[in-house]
Amino acid sequence: MWLCGLALLLGLSVEWGVEASWGKRSGTYWLDDAAGPTREFDGVGAVSGGGATSRLLVNYPEPYRSQILDYLFKPNFGAALQILKVEIGGDAQSTDGTEPSHMHYENDENYFRGYEWWLMKEAKKRNPDIKLIGLPWAFPGWIGKGENWPYKYPDVTAYYIVSWIAGAKKFHSLDIDYVGVLRDTMDRMGIKNVGIIAADGEWEIANAMLVNPYLNDAVEIVGAHYPGTTTVLTALQTHKKLWSSEDYSTFNNELGAGCWARILNQNFVNGNMTATIAWNLVASYYEELPFGRSGLMTAQEPWSGHYTVSPPIWITAHTTQFTLPGWQYLQVDGHLEGGGSFVALTDGQGNLTIIIETLTHGHSKCIRPPLFPFIVTPQKATFHLKGSFSKLQALQMWYSKMEFSSSNSTLFQSLGPIKVCEGVLTLSLGLDEIYTLTTLTTGHKGSFEDPPPSQPFPSKYQDDFNIRNPPFSEAPNFADQTGVFEYFVNTSDPGEHTYTLRQVVTQRPVTWVADAENTISVLGNYKWVNLTITSDIYIESEKGGAFIAGRVDKAGIYIGGAKGVFFWVLPDGTYRVTDDLNGNNILMKGLSGVRAKAWHTLTLILTGSNASGMLNGYPLWENVTVNSPENGWAAIGTRSFEFTQFDNFQVKAS
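Residues numbered from 1 in each chain as written. Predicted model: local features only at pLDDT ≥ 70, side-chain atom pairs only at ≥ 80, totals over all residues. Heavy atoms only, no water.

(A) Quick peek at the overall build of the protein. Each helix and strand counted, the protein has eleven helices and 36 strands in total. On C-alpha atoms alone, the protein measures out to a radius of gyration of 27 Å, which is about the 26 Å that the 2.2 N^0.38 rule sets for 654 residues. Its C-alpha atoms give the protein principal-axis dimensions of roughly 95 × 55 × 40 Å. Taking all 654 residues of the protein together, the buried fraction comes to 61%. Considering only contacts within the protein whose residues lie at least 6 apart along the sequence, 70% involve residues at least 24 apart. (Helix = DSSP H or I, 4+ residues; strand = E, 2+ residues; numbered from the N terminus. Rg over C-alpha atoms; globule rule 2.2 N^0.38 Å. Buried < 20%, exposed > 50% of the residue type's maximum accessible area, 1.4 Å probe, protein only. Contact = heavy atoms within 4.5 Å.)

So this is what it looks like as structure tokens:
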């Protein structure tokens, strides 16, 4: 402490920072727990779903799948997430694909579909204290009873969601902590310990809560999406917890990390929000889908095992590795004099964590909402530690520096302990930096050996779907975009088609985005140009039809406008070739002899601008000229929402 004493005697401050510099703008900040805390910290989390954002993760081989999960959920290793929010699958397109419902039909219940159950269990395995949230983005068609609105029959909708909660407990021993559903329905079913987040959209529900005591009592958390770090007066007047229940949605490079660092602090500093949840957890979907690589990390190549621990993982760690839900924010303004922000939290037992960010405007823009101009300058920040913190002699320092002109960013680097001089600590803060100062010594930047190098999707791929007890309901690498394609045991066929892939949605779902008119699942390398696609098909209904396709150029929320080369067969004995998923622009048509309830083999051959098709191994049509799209995915699908089976799928690309 002799250095501290000498400095104080001379009237100087001891300045700590990566780049010490004098003559900067200065600010003084007082941290004192004697004044009492403000709000309780509820955590940092991420969304799996909304939709199908973790689709490819389940296909990863070990040990890489477990490594990815460790980076996301393992405490004191990577992001150490404290909240996991998952989509309650609704059989409908909800951004990057469809997720299967636990109730495709009114008399149907199956709590093993999809992968969100698995993901929640993996998260709990690593962090038993992680909070779980369920939210439906869409609903099976039977919920709306013919209308594209899920709340006309609220008891039906509430029962559907509550059944999901009960199924999570009964079949997976998972306790869901929060959901959006009517309180009285949960009470009638004996579910007492699940909180309600509302409205998981805008702040307007606060207006209704202020005049409706029943609603106000039922809602535990007022949650907003993409609030831009601000709240509204009516939300504050509810005296409820305020959350940013969906945020971020930004490409996960340094700019995305800057966005994430800024809002993690400023959602509280500007908006009193005590939890921030990123969309999305991990970019585990084909990159050319909407919002490619908008996860906290990227894992989109299960065929190679390659993944990327992206910068937002380490930005998250600045908060999550040094706080826990239940800690309290200290009463501070939180705005730095030279721009940027800080928050200070305590566990009430003498531990202190301070998180500082100096992200500049141009380096912290999120995809939404628009960011109003502001200025950040290099500065000195002097913190006076009072109350129970006044005797602290050192704090651990963790540091990140975003570099935008090179790839040399510093991410979550331990700078060791720094001394606190008689309760005073001065830092020299540069631009685009993140600091964590903490009494905790448990921080750790986890790592594994590098994963395998990146590889494109295999140019030769096949799947016969012959799996007796599949670990998941969906076949690897198929990304459903409208409808749901599931493994199926065809007990009526004891031959080679006993195990198939079946499209199972028979009614248009209730959606917030537009599904296509026809069901479709895409697969492969978006850059594919020349390819041969083969699949056996079995049309189960006289109203149905099936197709295989190549060079499919759109998916996700844009699936309705998808172009490509589509080879259709219909149960009336006709075929057609179109360049659109809607089937409107016909390039060729004729007779095929295809009938329902019989297996047929379709082959589509695309070479340059020439397309041809085969049926059951014999040429059916040829020399169709296709000039666009120039490239895209392979796909299978059906006409409308009808049961249809697929088997022995193959694709060869060159």
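So much for the structure itself; the text now carries on.
(B) Local environment of unusual backbone geometry. Residue Ala198 is joined to Ala199 through a cis peptide bond whose omega torsion reads -5°. Geometrically, the link from Arg368 to Pro369 is a cis peptide bond, its omega value of -15° lying close to zero. Assignment of secondary structure puts Pro369 in the loop between strand E16 (352–357) and strand E17 (379–386). For Ser249, which is not glycine, the phi torsion reads 55° and is therefore positive.

(C) Geometry of the sheet that holds strand E3 (residues 37–40). Reading across the sheet, the seven strands line up as E3-E14-E15-E16-E21-E18-E19 and stay open at both edges, with antiparallel pairing between neighbours. Each edge of the open sheet is held by one strand with a lone partner, namely E3 and strand E19 (410–419). Going across the sheet, the axis of each strand differs from the next one's by a mean of 25°, ignoring polarity. Two strands pair when backbone bridges link them, and strand E18 (residues 394–401) and strand E21 (residues 433–438) are joined in this way by six bridges, in the antiparallel orientation. By the bridge assignment, Gln396 is partnered in E21 with Thr438. Its contacts with the sheet place helix H10 (residues 254–269) against E3, strand E14 (328–330), strand E15 (341–346), E16 and E21, and it is angled at close to 70° to E15. Contacts from helix H11 (residues 311–320) reach E16, E18, E19 and E21, with the element oriented near 25° to E19. (Pairing = 2+ DSSP bridges. Axes fitted to C-alpha atoms, helices over the stretch in contact; angles between N-to-C directions.)

(D) Molecular detail of the environment of Tyr29. Along the polypeptide, Tyr29 turns up in strand E2 (residues 25–32). Tyr29 sits in the buried class, given a relative accessible area of 6%. Placed 304 residues apart in sequence, Tyr29 and Asp333 show a C-alpha to C-alpha distance of 8.7 Å. Once residues lying within four places of it in the same chain are set aside, the contact partners of Tyr29 are His335, Leu336, Glu337, Phe342, Gln379, Ala381, Thr382, Phe383 and His384. There is a polar contact of 2.8 Å between the side chain of Tyr29 and the backbone nitrogen of Glu337. (Polar contact = N/O pair within 3.5 Å; in protein donor to acceptor, adjacent residues only side chain to side chain.)

(E) Helix H3 (residues 116–126), seen in detail. Of all eleven residues in H3, eight are buried, a share of seventy percent or more. Those residues of H3 that sit buried are Glu116, Trp117, Trp118, Leu119, Met120, Glu122, Ala123 and Arg126. Structurally, H3 contributes buried residues whose contacts are with strand E4 (43–48), helix H2 (64–73), strand E5 (83–87), strand E6 (131–135) and helix H5 (154–172).

(F) The arrangement of the pattern of salt bridges in detail. Taken as a whole, this structure holds 14 salt bridges when the rule is applied. For Arg126, the salt bridge identified is with Asp70, shortest N-O distance 2.6 Å. Of the two residues, Arg126 sits in helix H3 while Asp70 sits in helix H2, which places them 56 residues apart along the sequence. The class of Arg126 is buried, set by a relative accessible area of 15%. A single salt-bridge network, built from bridges that share partners, covers Asp70, Glu122, Lys125 and Arg126. (Salt bridge = Lys/Arg side-chain N within 4 Å of Asp/Glu carboxyl O.)

(G) Local environment of H11. The element H11 is extensively covered by neighbouring structure, given that ten of its ten residues are classed as buried. When we look at burial in H11, the residues that qualify are Pro311, Pro312, Ile313, Trp314, Ile315, Thr316, Ala317, His318, Thr319 and Thr320.

(H) Representation of the pairing of strand E31 (residues 586–591) in the model. Looking at chain direction, strand E30 (residues 574–580) and E31 are connected through five bridges and run antiparallel. Across the sheet, Tyr575 pairs through a bridge with Gly590, a residue of E31. Hairpin geometry of E30 and E31 is characterised by an intervening segment of five residues between the two adjacent antiparallel strands and by a positive phi of about 75° at Gly583.

(I) Representation of the sheet that holds strand E11 (residues 275–279) in the model. The strand order around the closed barrel formed by eight strands is E4-E5-E6-E7-E8-E9-E10-E11, and the pairing between neighbours is parallel. In this sheet, E6 lies alongside E5 in parallel orientation, the contact comprising five bridges. Bridging from a neighbouring strand, Glu87 pairs with Leu135 of E6.

(J) Focus on the packing of H2 against H3. Where H2 meets H3, the axes come as close as 10 Å, and the angle between the chain directions of the two elements is 65°. Of the two elements, H2 crosses H3, and the hand of that crossing is right-handed. Residues Arg65, Ser66, Leu69, Asp70 and Phe73 of H2 touch H3, and the partners they reach there are Trp118, Leu119, Glu122, Ala123 and Arg126. In terms of residue class, the contact of H2 with H3 is built from five nonpolar, one polar and four charged. (Left-handed = near helix turned anticlockwise from the far one by under 90°. Nonpolar A, V, L, I, M, F, W, Y, C, P; charged D, E, K, R; others polar.)

(K) Quick look at the confidence of the model for the protein. Overall, the predicted model of the protein reaches an average pLDDT of 94, with 96% of residues at or above 70. Note on residues 5–14: pLDDT is under 50 here. Beyond four places in sequence and across chains, it has eight contacts. (pLDDT = per-residue confidence, 0-100.)

(L) Focus on the pairing of strand E27 (residues 531–539). Extensive coverage of E27 is indicated by the burial of eight of its nine residues. Relative to strand E32 (residues 599–607), E27 runs antiparallel, the two sharing eight bridges. Of the residues in E32, the one forming a bridge with Thr532 is Ile605. With eight bridges joining them, E27 and strand E36 (residues 644–653) adopt antiparallel strand pairing. Paired with Ile537 across the strands is Phe646, a residue of E36.

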